[in-house]
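Overview (structure and organization)
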Amino acid sequence: MSEMMKSLQYVTVGEPPRIVEVPKPKPGPGEVLLKVTAAGVCHSDEFIMSLPEEIVMTRWPVPFILGHEGAGIVAELGEGATGASIGDSVLVYGPWGCGRCSYCVKGDEMLCPVAVREKIAPPGLGSPGAMAEYMIVDSTRHLVPLGDLDPVASVSLTDAALTPYHAIKTSLPKLGAGSTVVTIGAGGLGHMAIQILKAITGATVITLDIAADKRAFAKEMGADYVFDSNPQAVEEVKRLTGGVGANVVLDFVGIQPTIELMPQLVAPGGDIQLIGIGNGVLPIGFESLPFDTNFRGPYWGAIPDLVEVVEMAKRGQIKVEFEAFSLDDGAVAYERLHAGTLRGRAVIVP
Ligand code: NAD
Ligand code: ZN
């Protein structure tokens, strides 16, 4: 009889995730088995769990093990797997690609067109995820060594920090001394964005959030100014920027009201980046944005970005604020995320 393990799965569309016992997986050729040390809870899971059955069943058919932020200890190497040793403490790079195309060889595996075609899916978003006692990683290429960093405090570097870091890096030329950036949403991704901006740019950081406690939290994370997220914030940002607007706007919410704020907040020649996945739509026409505005819709991040983010954490430049939950309390973590009562990220510790 095979050994069993606990996992947190999205089983029935529209119902909360629950614990399911499954056989402990065996690593196939080239694969790695990790004993999971931590798994992060992301709003993207919550978004998927809010979708109707037709969409879920075509893209992420239930049941599946949740968790696209993962950390673990290398427990077993599949046949021929090299580049990691039993006992290594690692983070899992999530957006798995084919490893061979022109995107992947640069580390941009999140853009791999082959992955889409061949259905190579990230853990927790199509492949079995990190919310279990053990998980399979398809290649040692997707492991980033953690060294002495605490896995529970670091697991959310793989998405909550990687995604904003990747977005911010492309706007760096516009974030020199005297510049201004607006971030919308101070949750899991947003609180890391503020710290990254303070660490690597000269920009004044203005954060918008609808929740007063999240605005106070944003200030603690280093935001220079915080405002409620509504059209009045446009006046405040204009006032603080001599009437011009912000050089860069990063939307970590992505619903209609926040998307509509972006063109009003940005300065001519600025960048607006939509990171939040919330069904909002921004119509683009000749005069719908200030002149020379760049729009980007970044997805996750590249392997080199994750290595850099881990380096920042090792040097104490960024720190994930988190609340820990057991695997059995996984559904509670998602409830808290939904209710908006988390401070930073929820992390599940199996
Ligand atoms: P979260 O739930 O931790 O944080 C959301 C924050 O937004 C909360 O602080 C909440 O108070 C605030 N908020 C809600 N409505 C708001 C409004 N109208 N104006 C301003 N603030 C508002 O979520 P998270 O895990 O940080 O994820 C943020 C978003 O990023 C989600 O939509 C998620 O799906 C998306 N995401 C995208 C990528 C990507 O690759 N593009 C990767 C990861 C997550
Ligand atoms: Zn995510």
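As a starting point, this report considers the structure included with it. A quick note: this is a predicted structure, and the numbers were derived from the prediction, not measured.

Cut-off values and rules
- Residues numbered from 1 in each chain as written.
- Chains lettered and ligands numbered in written order.
- Predicted model: local features only at pLDDT ≥ 70, side-chain atom pairs only at ≥ 80, totals over all residues.
- Heavy atoms only, no water.
- Donors = N, O, S within 2.8 Å, 3.2 Å for Na, K, Ca; no water.
- Helix = DSSP H or I, 4+ residues; strand = E, 2+ residues; numbered from the N terminus.
- Buried < 20%, exposed > 50% of the residue type's maximum accessible area, 1.4 Å probe, protein only.
- Contact = heavy atoms within 4.5 Å.
- Near = heavy atom within 4 Å.
- Polar contact = N/O pair within 3.5 Å; in protein donor to acceptor, adjacent residues only side chain to side chain.
- Areas by Shrake-Rupley, 256 points an atom, 1.4 Å probe, with all protein chains shown as cover.
- Pairing = 2+ DSSP bridges.
- Salt bridge = Lys/Arg side-chain N within 4 Å of Asp/Glu carboxyl O.
- Lys, Arg positive; Asp, Glu negative; His and termini not counted.
- Phe/Tyr/Trp six-rings, centres within 6.5 Å; stacked < 30°, edge-to-face > 60°.
- Lys NZ or Arg CZ within 6 Å of the ring centre and 35° of its normal.
- 1 Å grid on protein atoms, 1.4 Å probe; cavity = no way out; pocket = protein on both sides within 12 Å on 5 of 7 lines; lining within 4 Å.
- Points joined across faces, edges and corners; volume = space filled by probe spheres on them.
- Nonpolar A, V, L, I, M, F, W, Y, C, P; charged D, E, K, R; others polar.

Taken together, Cys42 (SG), His68 (NE2) and Asp159 (OD) make up the protein donors of the zinc ion (ligand 2), found 1.7 to 2.3 Å from the metal. Donor residues for the zinc ion (ligand 2), ordered by position in the chain, follow C-x25-H-x90-D. Here aspartate 159 lies in the loop between α4 (151-154) and α5 (162-170) and histidine 68 lies in the loop between β4 (64-65) and β5 (69-77), a separation of 91 residues in the sequence. With a relative accessible area of 6%, aspartate 159 lands in the buried category.

Within helix α9 (residues 256-265) the residues assigned to the buried category are Thr258, Ile259, Leu261, Met262, Pro263 and Leu265. Buried-residue contacts for α9 involve β9 (180-184), β10 (204-208), α8 (231-240), β12 (246-251) and β13 (266-274).

This part is about the site of ligand 1. Taken together, the neighbourhood of ligand 1 is formed by 28 residues, with His43, Asp209, Ser229, Trp300 and Arg345 sitting nearest. Residue serine 44 places a side-chain N or O atom 2.9 Å away from an oxygen atom belonging to ligand 1. Leucine 189 is positioned such that a nitrogen or oxygen atom in its backbone is 2.8 Å from an oxygen atom of ligand 1. The fraction of the free accessible surface of ligand 1 (870 Å²) that becomes covered by protein chains is 89%. At the level of secondary structure, the elements contributing two or more residues to the shell around ligand 1 comprise α1 (43-48) and α6 (188-200).

This brings us to the sheet that holds β4. Here we have three strands laid out as an open sheet, ordered β2-β1-β4, and antiparallel in their pairing. Edge positions in the sheet fall to β2 (18-23) and β4, since each has one partner strand and no second. As paired strands, strand β1 (residues 4-10) and β4 are joined by two bridges and run antiparallel to one another. Following the sheet pairing, glutamine 9 is matched in β4 by isoleucine 65.

A separate point is the pattern of salt bridges. For side chains bearing opposite charge, pairing can occur when the charged atoms are close. Following the criterion strictly, the structure yields 17 salt bridges and no others. Note that glutamate 321 is salt-bridged to lysine 319, the shortest N-O span being 3.2 Å. Ionic pairing is found between arginine 343 and glutamate 321, a salt bridge with its closest N-O pair at 2.9 Å. Linking arginine 343 in the loop between α11 (330-339) and β16 (345-349) with glutamate 321 in the loop between α10 (303-314) and β15 (322-326), this pair joins segments that are 22 residues apart in sequence. The class of glutamate 321 is buried, set by a relative accessible area of 16%.

Bringing the side chain of aspartate 251 into the picture now. As for its position among the elements, aspartate 251 is in strand β12. Buried charge aspartate 251 goes without a salt bridge, the closest partner of opposite sign being arginine 345 at 14 Å. Only 3.4 Å separates the side chain of aspartate 251 from the backbone nitrogen of isoleucine 259, close enough to count as a polar contact. Other than its neighbours up to four places away in sequence, aspartate 251 contacts Ile184, Thr258, Ile259, Met262, Gln273, Leu274, Ile275 and Gly276.

With that out of the way, let us pick up the side chain of glutamine 9. Within the fold, glutamine 9 resides in strand β1. For glutamine 9, a relative accessible area of 8% gives the class buried. Within the local environment of glutamine 9, its side chain forms a polar contact with the side chain of serine 7, the two groups lying 3.1 Å apart. Residues within four places of glutamine 9 in sequence aside, it is in contact with Pro17, Arg18, Val20, Val22, Pro63, Phe64, Ile65 and Leu66.

A few words on the environment of isoleucine 348. By the element assignment, isoleucine 348 lies in strand β16. Remark: the alpha-carbon pair of isoleucine 348 and glycine 70, spanning 278 residues in sequence, is separated by 9.6 Å. Residues in contact with isoleucine 348, not counting those within four places in the same chain, are Leu8, Ala38, Ala39, Val41, Met131, Phe325, Ser326, Leu327 and Gly330.

Counted according to the given criterion, the structure contains three aromatic pairs. Ring geometry for phenylalanine 286 versus phenylalanine 291: centroids 5.7 Å apart, planes at 45°, classification tilted. A ring pair is formed by tyrosine 299 and tryptophan 300, whose centres lie 5.8 Å apart and whose planes are at 75°; its orientation type is edge-to-face. Residue class for tyrosine 299 comes out partly exposed when judged on its relative accessible area of 40%. With relative accessibility at 4%, the residue tryptophan 300 sits in the buried group. Across from the ring centre of tyrosine 134, 4.4 Å away, lies the NZ or CZ of lysine 24, which sits over that ring.

Each pocket or cavity is described by its volume, and for the second largest pocket that value is around 210 Å³. Looking at the second largest pocket, the residues that line it are Gly14, Glu15, Pro16, Pro17, Glu46, Met49, Ser50, Ala331, Tyr334, Glu335 and His338. Top element by residues in the lining of the second largest pocket is α11. It accounts for four residues. Considered class by class, the residues forming the lining of the second largest pocket number five nonpolar, three polar and three charged.

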